[in-house]
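Reading the structure
For reference, the chains in residue letters:
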Amino acid sequence: MRVRTTQGWALRPATPEDLEPIAEIRAVVMRPDLVRLGRYDEHRVRQRLRDSYLPEHTSVILVDGRFAGSVTLRPFEDGHCLESFFLDEALQGRGIGSAVLAALLARTDTEGVPVRLNVLQGSAARRLYERHGFTTEREDPVDVFMVRRPPPVPTA
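Keep in mind the model is a prediction, meaning the values are calculated, not measured.

Turning our eyes to something else, we now look at the pairing of strand β4 (residues 79-87). In terms of burial, β4 is largely enclosed, as 8 of its 9 residues are buried. In this structure, strand β3 (residues 66-76) lies alongside β4, joined through 7 bridges in antiparallel fashion. In the sheet register, Phe76 faces β4, and the bridge partner there is Gly79. Counting the residues that bridge the hairpin from β3 to β4 gives 2 residues, and of these Glu77 lies at a positive phi of roughly 45°. Pairing between β4 and strand β5 (residues 115-120): 2 bridges, direction parallel. When the sheet's bridge partners are listed, His80 is paired in β5 with Val115. Note on the crossover from β4 through helix α3 (residues 96-111) to β5: the handedness is right-handed.

Two modes of strand pairing occur in sheets, parallel and antiparallel, and in both the strands are linked by backbone hydrogen bonds. Across the sheet, which stays open at both edges, the 7 strands sit in the order β1-β2-β3-β4-β5-β7-β6 with mixed pairing between neighbours. Looking along the sheet, the strands with just one partner apiece sit at the ends: β1 (9-13) and β6 (135-139). Neighbour-to-neighbour, the strand axes of this sheet turn through a mean angle of 30°, independent of strand direction. Alignment of strand β2 (residues 58-63) against β3, held across 6 bridges, turns out to be antiparallel. When the sheet's bridge partners are listed, Ile61 is paired in β3 with Gly69. Packing against the sheet, α3 makes contact with β1, β2, β3, β4, β5 and β7 (143-148), and its axis sits at approximately 170° to β4.

What counts, and where the lines are drawn
Residues numbered from 1 in each chain as written. Predicted model: local features only at pLDDT ≥ 70, side-chain atom pairs only at ≥ 80, totals over all residues. Heavy atoms only, no water. Buried < 20%, exposed > 50% of the residue type's maximum accessible area, 1.4 Å probe, protein only. Helix = DSSP H or I, 4+ residues; strand = E, 2+ residues; numbered from the N terminus. Pairing = 2+ DSSP bridges. Right-handed = clockwise from strand over helix to strand, strands pointing away. Axes fitted to C-alpha atoms, helices over the stretch in contact; angles between N-to-C directions. Contact = heavy atoms within 4.5 Å.

Put into structure tokens, the structure is as follows:
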């Protein structure tokens, strides 16, 4: 039984040395959805991350001080793009991903900018994003492209 908790997590800046652990967690976490979509390739799933890795915009998720995942929030058009958001499968369902996402969105909300992302069709992660205010902009057979606009600034 999973216990819901958001305690014990932190973010730290990623380094070039984090690339391979992040590529590995990506391969593990994305495998079920990529297999379902007929798009899993043992090499490609890791290489795509290697080819696009931006440590200067990536944070490592730590749970109880240990590597547990990653998240990238990079500048994009008029706001940010959320990418490479992976959390160890054993830690999913405990509220950690939701807490990490809420913290990132609080930051982008203060900037007053939208956040965009894409998620695989049928991925359970889509429900997480929808709970945090993301809406669908468009879809294709593989991806759902979503956006979250900042909440309106209250007027006095």
